[in-house]
Amino acid sequence: MEPVPFIKMHGLGNDFVIIDARKHPFALDAAQAAAIADRRRGVGCDQIIVLEAPKSAAEDAFMRIRNADGSESGACGNATRCVGAILMQETGKTRVNLATKAGELAATGDSTGMVTIDFGPARLDWRQVPLAPDPNGAQDTLHLNLAAGPVSDPAACSMGNPHATFFVPDVAKIDLAALGPGLEFHPIFPERANIGFAQVMSRDQIRLRVWERGAGITQACGTGACAALVNAHRRGLTGRKARVILDGGALTIEWRESDSHVLMTGPVAVSFRGTIDPSLLMPTPVAVA
């Protein structure tokens, strides 16, 4: 195996190792992804993105997404902005179409370097999130019967991946490390979930922290910011557009009224480029006592 080139990028501190496999296919399994994501022994990142050749003429590339624990995800908003920026610079286009397991996403750029992702409509039905049925069958995604410690009554939706948003008076007082793991793996979420803790500051501003499925506490979660705005508006707490402030910076989120599409706008940055030594991707020898 040859060394594997990669580019390290981030969107507001939510960081990614991006591997271009469009010309030379590269299959990455869960253990290899986790090894790359390891911040002590690997490159270190929240997600690993493998770019694959487009599967239709309407697509510019296919994005395969793996979380830091090796699990596969359907969507990642900040990563889509990063990949969109790469492809727009490469092609000279101001709009590119990216296919994911969760569907097709459009990325557009402007002269300031900001990138906008159109996620399409938010998915609000309990089966789309997905949620486990309650004893009566259907779940109310606007008010889930779910509580942990000081938080309760979240709203849920899917942005291509499952999200639950708890609305709290002071997000700084929430212990993400204590609450996040149990909520991510709660039986109500058959595919686990991203857990957001949102403090509504005003009709157009939300402070948000996220425990990300498969990655833990993250500096920013693009789809989590989208879910927070969607769920806040559904609760009557905000308008359809807001600035969502995460630990790593701010995103602008709009839930467009005309077609119910959710738009996310924010910056991207390149950290460095490098190669992954093949030894990192080899099975770890089992120690013999």
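The rules behind these values
- Residues numbered from 1 in each chain as written.
- Predicted model: local features only at pLDDT ≥ 70, side-chain atom pairs only at ≥ 80, totals over all residues.
- Heavy atoms only, no water.
- Helix = DSSP H or I, 4+ residues; strand = E, 2+ residues; numbered from the N terminus.
- Rg over C-alpha atoms; globule rule 2.2 N^0.38 Å.
- Buried < 20%, exposed > 50% of the residue type's maximum accessible area, 1.4 Å probe, protein only.
- Contact = heavy atoms within 4.5 Å.
- Areas by Shrake-Rupley, 256 points an atom, 1.4 Å probe, with all protein chains shown as cover.
- Salt bridge = Lys/Arg side-chain N within 4 Å of Asp/Glu carboxyl O.
- Expected span 1.5 Å × (residues − 1).
- Pairing = 2+ DSSP bridges.

(A) How the structure looks around the overall build of the protein. When helices and strands are tallied, the protein shows four helices and 19 strands. Relative to the compact-globule value of 19 Å for 289 residues, the protein shows a C-alpha radius of gyration of 19 Å, a close match. Across its three principal axes, the protein shows a C-alpha extent of roughly 60 × 55 × 35 Å. Among the 289 residues that make up the protein, the fraction classed as buried is 51%. Long-range contacts, defined here as pairs at least 24 residues apart, represent 61% of the contacts in the protein between residues at least 6 apart. Looking at the protein as shown, the accessible area adds up to about 12,800 Å², and 52% of this sits on carbon and sulfur atoms.

(B) Representation of the environment of Val171 within the structure. Mapped onto the elements of the fold, Val171 is located in the loop between strand S12 (162-167) and helix H3 (176-184). Separated by 78 residues in the primary sequence, Val171 and Lys93 place their C-alpha atoms 39 Å from one another. In contact with Val171, other than residues within four places in its own chain, are Phe197, Gln199, Arg207 and Arg209.

(C) Quick peek at the pattern of salt bridges. With the rule as written, the count across this model stands at 17 salt bridges. Taking the shortest distance from any N to any O, the salt bridge between Asp15 and Lys8 comes out at 3.4 Å. Here Arg127 makes a salt bridge to Asp125, at a shortest N to O gap of 2.9 Å. Take Arg127: its relative accessible area is 56%, and that puts it in the exposed class. You can call Asp125 partly exposed: its relative accessible area is 29%. Shared partners join several salt bridges into a network, and the residues in it are Lys8, Asp15, Arg39 and Asp46.

(D) Examining helix H2 (residues 77-91) more closely. In this model H2 runs 21 Å from its N-terminal to its C-terminal C-alpha over 15 residues, within 8% of the 21 Å that 1.5 Å per residue would give. Within H2, twelve of the 15 residues are buried, which leaves it mostly tucked inside the rest of the structure. Burial in H2 covers these residues: Gly77, Asn78, Ala79, Thr80, Arg81, Cys82, Val83, Gly84, Ala85, Ile86, Leu87 and Met88. Count one or two residues on from H2 and you reach Gly92, which has phi positive near 80°.

(E) Summary view of the environment of Thr275. Topologically, Thr275 is positioned in strand S19 (residues 269-276). Here Thr275 falls in the exposed class, since its relative accessible area comes to 53%. Here the alpha-carbon distance between Thr275 and Gly196, two residues 79 residues apart in the chain, equals 34 Å. The contact partners of Thr275, leaving out residues within four places of it in the chain, are Pro3, Val4, Pro5 and Phe6.

(F) The arrangement of the pairing of strand S4 (residues 61-67) in detail. Within S4, six of the seven residues are buried, which leaves the element mostly enclosed by the surrounding structure. As defined by bridge partners, strand S3 (residues 47-52) adjoins S4 across six bridges and the pair is classed as antiparallel. Within the sheet, the bridge partner assigned to Ile49 lies in S4 and is Ile65. Both S4 and strand S6 (residues 95-100) contribute to a ladder of two bridges, which runs parallel. In the sheet register, Ala61 faces S6, and the bridge partner there is Leu98. Pairing geometry for S4 and strand S5 (residues 72-73), over two bridges, is antiparallel. The partner of Ile65 across the bridge, within S5, is Ser73. What sits between the antiparallel neighbours S4 and S5 is a turn of four residues, in which Gly70 has the positive phi angle 95°.

(G) The environment of Thr141, seen in detail. Note that Thr141 resides in the loop between strand S8 (115-121) and strand S9 (147-148). Along the backbone, Thr141 and Ile206 are 65 residues apart, and their C-alpha atoms lie at a distance of 20 Å. Not counting residues within four places of it along the chain, the set of residues in contact with Thr141 comprises Leu124, Asp125, Trp126, Val129, Leu131, Pro154, Ala155, Ala156 and Arg234.

Nothing here speaks to function; it is all geometry.
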